[in-house]
Amino acid sequence: HAGSGLNTVTTSAPGLTAEMKTFYDRVLLRSAETELVHEQFGQTRTIRAKNGKTTEFREFGSLGRALSPLTEGVTPDGQDYSVSAITATVAQYGGYISVSDMLNLTTFDNNQAEIMRMLGSQMGKTKDTLVRDVIAAGTNVIYAGGKTRKTMTNNDKFSIALVKQAVRKLKRQNAPKIGDSYVAIVHPDTVYD
């Protein structure tokens, strides 16, 4: 029983067969995956049970150029390297739809599958929005017209010149490509403009 006095049926409830649990899990995950735009370019980590709510990503700095010639038979001095830790804390998000047994018994529609589709879509949109918000909070950005996020107006438009400026910045920082390209996520309204 939930705190509000409502019963909560989960996929592990004894009333669902293993086949039904698998079916609903697949419907939920398939619906969630179709909504993802931002998350597909990120890194994910699994936190094992009973290991806390924080995970750490580690970023290794690059080494400078080795421009001094080596002397034959002499081992050069060792180099230092840098590692930065980036931490992320897990938070739960979600919702549910409560359906009465009478609705399930009397309706013509397959409510459970449709509800799983809707919840999966909600999950995908939620995850994608959360990832987008983290990305948008970054400080290594370029805005149209050389402005800041707060000073931009409707007259500041996305342009090919802005794309070229971003590519130049990425190349100068030796940013890794995905395949043979850099990736830009652009809203359909921006593409239209």
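Asks: Explain the overall build of the protein chain here, please?
Replies: For the protein chain, the helix and strand inventory stands at five helices and two strands. Along the protein chain, helices (α) and strands (β) appear in the sequence α-β-β-α-α-α-α when read from the amino end. When burial is assessed residue by residue, the protein chain has 11% of its 193 residues classed as buried. Here the protein chain has roughly 16,500 Å² of accessible surface; of this, 53% comes from carbon and sulfur atoms.

Asks: Sorry, what's going on with unusual backbone geometry here?
Replies: Outside of glycine, negative phi angles account for most residues, and trans bonds account for most peptide bonds. We note that Lys50 has phi near 65°; this positive angle belongs to a residue other than glycine. Among the structural elements, Lys50 can be located in the loop between helix 1 (18–33) and strand 1 (54–60). Judged by relative accessible area, which is 84%, Lys50 ranks as exposed.

Asks: Looking at this structure, how should I read the packing of aromatic side chains?
Replies: Centre-to-centre distance and the angle between the planes together describe a pair of aromatic rings. Counting across every chain of the model gives one aromatic pair. Plain terms: the ring middles of Phe60 and Tyr81 are 6.1 Å apart, the flat faces sit at 25° to each other, and that makes the pair stacked. Of this pair, Phe60 sits in strand 1 while Tyr81 sits in the loop between strand 1 and strand 2 (83–89); the two residues are 21 residues apart in sequence, bridging distant segments of the chain. Exposure remark for Phe60: the relative accessible area of 55% places this residue in the exposed category.

Asks: Help me understand the pattern of salt bridges in this model?
Replies: Should the charged atoms of two oppositely charged side chains come close, the side chains can pair. The tally for this structure, following the rule as stated, stands at five salt bridges. The partner of Asp156 in a salt bridge is Lys147, and the shortest N-O contact between them spans 3.3 Å. Residue classification places Lys147 among the partly exposed positions, given a relative accessible area of 31%.

Asks: What is the right way to look at the side chain of Asp128 in this model?
Replies: Note that Asp128 resides in helix 3 (residues 111–136). At 2.8 Å, the side chain of Asp128 forms a polar contact with the backbone nitrogen of Val37.

Asks: What should I look at first to understand the confidence of the model for the protein chain in this one?
Replies: Per-chain confidence: the protein chain averages 80 in pLDDT, with 80% of residues scoring 70 or above. When mean pLDDT is compared element by element in the protein chain, helix 4 (residues 160–172) scores highest at 92, while helix 1 scores lowest at 60.

Asks: I keep staring at helix 3 and nothing clicks. Help me out?
Replies: Residues spaced three or four apart along an α-helix point in a common direction, a consequence of the helix completing one turn every 3.6 residues. Here helix 3 contains 26 residues, and its C-alpha end-to-end distance of 37 Å stays within 8% of the 38 Å for a straight helix at 1.5 Å per residue. Residues of helix 3 that are buried: Asn111, Ala113, Ile115, Met116, Leu119, Gly120, Ser121, Gly124 and Asp128.

Asks: What exactly am I supposed to notice about the environment of Val167 here?
Replies: By secondary structure assignment, the location of Val167 is in helix 4. Along the backbone, Val167 and Tyr182 are 15 residues apart, and their C-alpha atoms lie at a distance of 7.5 Å.

Asks: What should I look at first to understand a nonpolar patch on the surface in this one?
Replies: Where nonpolar side chains cluster on the molecular surface, the patch consists of Val37, Phe41, Ile178, Val183 and Ile185 and spans about 380 Å² of accessible area. By the secondary structure assignment, Ile178 is in the loop between helix 4 and helix 5 (188–192). What makes Ile178 partly exposed here is its relative accessible area of 45%.

Asks: For this particular structure, what's the right way to read helix 4?
Replies: Helix length check: helix 4 (13 residues) gives 18 Å between terminal C-alpha atoms against 18 Å at 1.5 Å per residue, within 8%. Among the residues trailing helix 4, Asn174 stands out with phi positive, at a value near 55°.

The rules behind each value
- Residues numbered from 1 in each chain as written.
- Predicted model: local features only at pLDDT ≥ 70, side-chain atom pairs only at ≥ 80, totals over all residues.
- Heavy atoms only, no water.
- Helix = DSSP H or I, 4+ residues; strand = E, 2+ residues; numbered from the N terminus.
- Buried < 20%, exposed > 50% of the residue type's maximum accessible area, 1.4 Å probe, protein only.
- Areas by Shrake-Rupley, 256 points an atom, 1.4 Å probe, with all protein chains shown as cover.
- Phe/Tyr/Trp six-rings, centres within 6.5 Å; stacked < 30°, edge-to-face > 60°.
- Salt bridge = Lys/Arg side-chain N within 4 Å of Asp/Glu carboxyl O.
- Polar contact = N/O pair within 3.5 Å; in protein donor to acceptor, adjacent residues only side chain to side chain.
- pLDDT = per-residue confidence, 0-100.
- Expected span 1.5 Å × (residues − 1).
- Patch = residues over 30% accessible without salt bridge, like charges linked within 9 Å, V, L, I, M, F, W, Y side chains within 5 Å.

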